[in-house]
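# Structure assessment
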Amino acid sequence: RPFIFQEDGPKERKVQKVGKPSRQGAPPPIPEEAGVLPQVVADRMLNRMLTFAGIPLFLGILLFVSSFVLAYKYDVRFIPTVVANATLLTVFTSFAGLTYGIFSASWDVKDEGSRLGLVEARRNLLRAYDAVVTNRDKEKRNDERGRS
């Protein structure tokens, strides 16, 4: 089910048609107030993304620079693929941290959520999965109607 964010938390979106589409098959325009992310929730997501993505990215840069300095200044030999793979691992961990930062933040305006956000991440992942399944079902029904 699609959700919209309001002061008292996410609510199920009630879609209202706002006029006829300009061309056949185009969706009607969405009202401006629908789906607006509150600033409190956006700030919460940003803080978590900076933490969970910034730390691995910083460690990856530190790893790469330190291996470079050790190799040239102290003549320490590294296998290049090991350095590359270790650096890439931190970059991929950083990407995962971005995603976890979004999903682990509480999407409820009044609820701060837990420190690590494990409960919120599970709840928000289920919401996102439910939205994907609902949209896929709607597309299948629309395709079936178009073929008939």
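One structure accompanies this document, and this report is about it. These numbers were taken from a predicted model, which means no experiment stands behind them.

Scanning the protein for helices and strands turns up three helices and two strands. Going from the N terminus to the C terminus, the protein shows its helices and strands as β-β-α-α-α. The 148 residues of the protein split such that 22% are buried. Excluding contacts between residues fewer than 6 apart, the proportion of contacts in the protein whose partners are at least 24 apart in sequence is 57%.

For the rest of this paragraph, the subject is the nonpolar core. Among the nonpolar cores identified, the biggest contains six residues, and these are Val41, Met45, Phe103, Ala105, Trp107 and Val109. Among residues more than four places away in sequence, those in contact with Phe103 are Glu120, Ala121, Asn124, Leu125 and Ala128.

Along the chain, Met49 falls in helix 1 (residues 39-73). For the pair Met49 and Phe103, spaced 54 residues apart in the sequence, the C-alpha separation amounts to 9.6 Å. For Met49, the residues in contact, after removing those within four places along its chain, are Gly54, Gly97, Leu98, Gly101 and Ile102.

Located in the positive-phi region is Asp75, a residue other than glycine, with phi close to 55°. By the secondary structure assignment, Asp75 is in the loop between helix 1 and helix 2 (80-104).

This part takes up the pattern of salt bridges. As enumerated under the stated definition, the model contains two salt bridges in all. The residue Glu112 makes a salt bridge to Arg44 at a minimum N-O spacing of 3.8 Å. Here Glu112 is found in the loop between helix 2 and helix 3 (118-147), whereas its partner Arg44 is found in helix 1, with 68 residues between them in sequence. For Arg44, a relative accessible area of 8% puts it in the buried group. A salt bridge links Arg77 to Asp75, with the shortest nitrogen-to-oxygen separation between them at 3.2 Å.

Enumeration according to the criterion identifies three aromatic pairs in this entry. Ring centres of Phe103 and Trp107 lie 6.1 Å apart, and the angle between their planes is 35°; this geometry places the pair in the tilted category. Like Phe103, the residue Trp107 is buried in the burial classification.

Our next topic: a nonpolar patch on the surface. Nonpolar side chains collect at one region of the surface, where Leu57, Ile61, Phe64, Val65, Phe68, Val69, Leu70, Tyr72, Tyr74, Val76 and Phe78 lie side by side and expose about 1,100 Å² of accessible area between them. Secondary-structure assignment places Tyr74 in the loop between helix 1 and helix 2.

What counts, and at which threshold
- Residues numbered from 1 in each chain as written.
- Predicted model: local features only at pLDDT ≥ 70, side-chain atom pairs only at ≥ 80, totals over all residues.
- Heavy atoms only, no water.
- Helix = DSSP H or I, 4+ residues; strand = E, 2+ residues; numbered from the N terminus.
- Buried < 20%, exposed > 50% of the residue type's maximum accessible area, 1.4 Å probe, protein only.
- Contact = heavy atoms within 4.5 Å.
- Core = buried A, V, L, I, M, F, W, Y, C linked by side-chain atoms within 4.5 Å.
- Salt bridge = Lys/Arg side-chain N within 4 Å of Asp/Glu carboxyl O.
- Phe/Tyr/Trp six-rings, centres within 6.5 Å; stacked < 30°, edge-to-face > 60°.
- Patch = residues over 30% accessible without salt bridge, like charges linked within 9 Å, V, L, I, M, F, W, Y side chains within 5 Å.
- Areas by Shrake-Rupley, 256 points an atom, 1.4 Å probe, with all protein chains shown as cover.

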